Each structure stands twice: as structure tokens, then as C-alpha cells.
Amino acid sequence: MPVLETASFGNISFTPESVFEFPRGLPGFEDRRQFVPVQNPQTAPVVFLQSLEEPSLCFVTLPVLVIDPQYRLRLTDPDLEVLSWQAERQPRIGQDVLCLAVLSFQKSGPTANLLAPVVVDLNNHRAVQAVAAESGYSLQQPLFPQEAPLCS
Amino acid sequence: MLMMSRRQGEIILIGDEIEIVIAHIGRSRVKVGIRAPRQLAVIAHEMKLVGEENRAAAQPPPADALKALLIQLQPAAHTLRSQADESSVRQDAGTKN
């Protein structure tokens with residue numbers, strides 16, 4: 001099993017089949033094509049996307065359905081092509097694709113990029129960050145808009 | 001900002017080398033053709049914003065911020081686990097050594 005040196009997790013081992021392939025990279029990181037998902041029970045449901053090519057590059061993501069159970073995924077034709085998606089219908093979150101929102105830690109609290117989720121075909125592990133320009137979803141959706149007191 | 005009214009099929013020129021064609025006007029969207037020198041990047045504005053957002057997101061989170069997030073997510077974590085059991089979502093994960 002290959003071992004990867006990372007800044008966030010030390011050395012991790014992974015199976016080559018688990019690697020997500022981004023044929024076009026991600027916006028801002030066009031030459032980073034391979035990421036391995038890192039999950040563990042202590043940090044569930046967070047999924048870390050660790051770059052294979054850059055040890056210090058790691059995105060913190062959450063499945064979009066954790067953030068918005070009603071989230072509607074609508075991929076453009078070019079994005080479907082990146083995934084090699086053949087069917088006429090749109091892929092379904094959970095059954096066909098993994099759909100992850102990239103988190104960003106602002107001073108005001110964590111936000112999720114629902115405008116451009118990372119979509120991974122569960123069959124071939126091809127992946128794309130799909131910009132849903134007309135969806136109305138936010139680039140910086142606050143995760144906890146109203147801070148509820150943890151205990152009363 | 002310079003504002004210009006154009007009809008379908010009409011063209012706007014920027015300098016000598018950039019040509020913008022109003023190719024089609026639909027009910028709520030406009031199809032625009034752009035002819036520009038190859039070395040000029042032509043992208044939708046959202047793409048640039050997502051790139052900037054990714055760069056911000058690539059900064060390692062403060063340890064306490066991640067911890068606070070995980071505490072907040074506890075209830076969500078439980079629902080996710082039960083959902084994952086139902087739909088048997090396949091998620092291959094790297095494992096920690």
C-alpha cells in the first residue's frame with residue numbers, strides 16, 4: 001500500500017483505488033489532479049481531501065447533505081463530461097456521486113462552498129469541482145448562522 | 001462602467017483583438033461568443049471567485065476552529081451515519097497509519 005507524507009496527518013497509507021482524479025484540477029489549483037479522501041471516526045463527518053502532489057495541501061470538506069439535506073445537484077454538460085457520465089439523467093448524490101462542500105475557516109466562523117461542490121463519480125473516482133453558476137447557492141454559506149447556546 | 005445596448009447578432013469590439021458577439025438572447029440568459037488572443041484567459045467570473053475561495057480554504061484551519069466545528073457537528077454526524085447505513089454509500093477512505 002503506498003504511503004503518503006502529509007503536513008496534516010503525518011504519513012498515511014492509502015489504496016490506489018481510493019484516489020480521486022481531477023482531470024482539470026480545481027479552480028486556483030489547476031495542476032493538482034490527485035487527492036485522497038481521509039476520514040476517521042474522530043473527525044466524522046468531515047472528509048479531508050489530501051493532495052497527493054502537494055503534502056501541505058489539504059481541503060476540509062463536508063458531504064453537502066450534512067449541510068443541506070435538500071441540496072440539489074445540477075451539473076453542466078462540460079462537468080458531466082469530465083466525470084465521463086453517460087446517462088441522460090443527472091447523477092444522484094449518494095448513489096452515483098459523492099458530493100462534498102469545501103469548507104473555509106473565516107474569522108466569523110466556518111463557511112461552506114455550496115456554489116461549487118466537489119463531485120466524485122463513485123464508479124470511476126473521476127472528480128470535478130462543479131460551479132453551479134445559476135443555482136443560487138452561496139460561495140460562503142455560514143455553517144452555523146445563529147450561534148445557539150450549547151447548553152442552557 | 002460603459003453600458004451598451006446590443007441586439008442579437010451584434011458585435012462589440014475591445015481594442016483591435018477582442019470581439020464579443022451577442023450570439024443568442026433567451027428568456028433569462030444570453031449566449032455570448034468571445035474571440036480573443038489565445039494568451040488571454042477567458043473565464044466566467046464565478047470560476048475566478050471559486051479559485052479565490054479555494055485558495056482561502058487551502059489555509060490549514062486553526063486547531064480550535066476544527067475542534068469547535070466537530071463539536072457542532074455531533075448531531076449531524078449521527079444522522080449521517082444512519083443515512084449512510086441506509087443507502088450504503090461507498091466511501092473509500094485513506095487510513096491513518
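Anyway, here's the lowdown on the structure attached to this text. Computed from a predicted structure; not experimentally measured. (Residues numbered from 1 in each chain as written. Chains lettered and ligands numbered in written order. Predicted model: local features only at pLDDT ≥ 70, side-chain atom pairs only at ≥ 80, totals over all residues. Heavy atoms only, no water.)

**A word on the layout of surface pockets**
(1) Moving on: Considering only enclosed or pocket space, the largest pocket measures out at about 1400 Å³ in volume.
(2) Moving on: For the lining of the largest pocket, the secondary-structure elements that each account for two or more residues are α2 (77-82) of chain A together with β2 (18-25), β3 (30-35) and α1 (45-57) of chain B.
(3) Moving on: When residues of the lining of the largest pocket are assigned to their parent elements, the largest contribution, 4 residues, is made by β3(B).
(4) Moving on: Considering only residue class, the lining of the largest pocket consists of 20 nonpolar, 5 polar and 8 charged. (1 Å grid on protein atoms, 1.4 Å probe; cavity = no way out; pocket = protein on both sides within 12 Å on 5 of 7 lines; lining within 4 Å. Points joined across faces, edges and corners; volume = space filled by probe spheres on them. Helix = DSSP H or I, 4+ residues; strand = E, 2+ residues; numbered from the N terminus. Nonpolar A, V, L, I, M, F, W, Y, C, P; charged D, E, K, R; others polar.)

**Re the environment of A:Ile12**
Residues and elements named next belong to chain A.
(1) Moving on: Here isoleucine 12 is to be found in strand β2 (residues 10-13).
(2) Moving on: Residue classification places isoleucine 12 among the buried positions, given a relative accessible area of 0%.
(3) Moving on: Taking the C-alpha atoms as reference points, isoleucine 12 and proline 2, 10 residues apart in sequence, are found 8.5 Å from one another. (Buried < 20%, exposed > 50% of the residue type's maximum accessible area, 1.4 Å probe, protein only.)

**Some thoughts on the interface of chain A and chain B**
(1) Moving on: On the chain B side, the residues contacting the 56 residues of chain A number 35 residues.
(2) Moving on: Across the chain A to chain B interface the summed buried area is about 3700 Å²; carbon plus sulfur atoms make up 63%.
(3) Moving on: Contact with chain B buries area across many residues of chain A, yet A:Gln39, A:Phe105 and A:Phe144 alone supply 14% of it, more than any other trio.
(4) Moving on: Here chain A is connected to chain B by 1 salt bridge.
(5) Moving on: Salt-bridge contacts for A:Glu134 lead to B:Arg29; the nearest nitrogen and oxygen are separated by 2.8 Å.
(6) Moving on: On inspection of chain A and its partner chain B, the count reaches 5 residue pairs in polar contact (both at pLDDT 80 or more). (Contact = heavy atoms within 4.5 Å. Buried area = accessible area lost by both parts, 1.4 Å probe. Salt bridge = Lys/Arg side-chain N within 4 Å of Asp/Glu carboxyl O. Polar contact = N/O pair within 3.5 Å; in protein donor to acceptor, adjacent residues only side chain to side chain.)

**Remarks on α1(B)**
(1) Moving on: The end-to-end C-alpha distance of α1(B), which contains 13 residues, comes to 18 Å, matching closely the 18 Å that a straight helix rising 1.5 Å per residue would cover.
(2) Moving on: Looking at α1(B), one finds that the buried residues are B:Val50, B:Gly51, B:Glu53, B:Asn54 and B:Ala57. One face of α1(B) carries all of its buried residues, which in axial projection span an arc of 165°.
(3) Moving on: Contacts made by the buried residues of α1(B) are with β6 (58-63), β7 (97-106), β8 (109-121) and β9 (127-129) of chain A. (Expected span 1.5 Å × (residues − 1). Arc of directions from axis to C-beta.)

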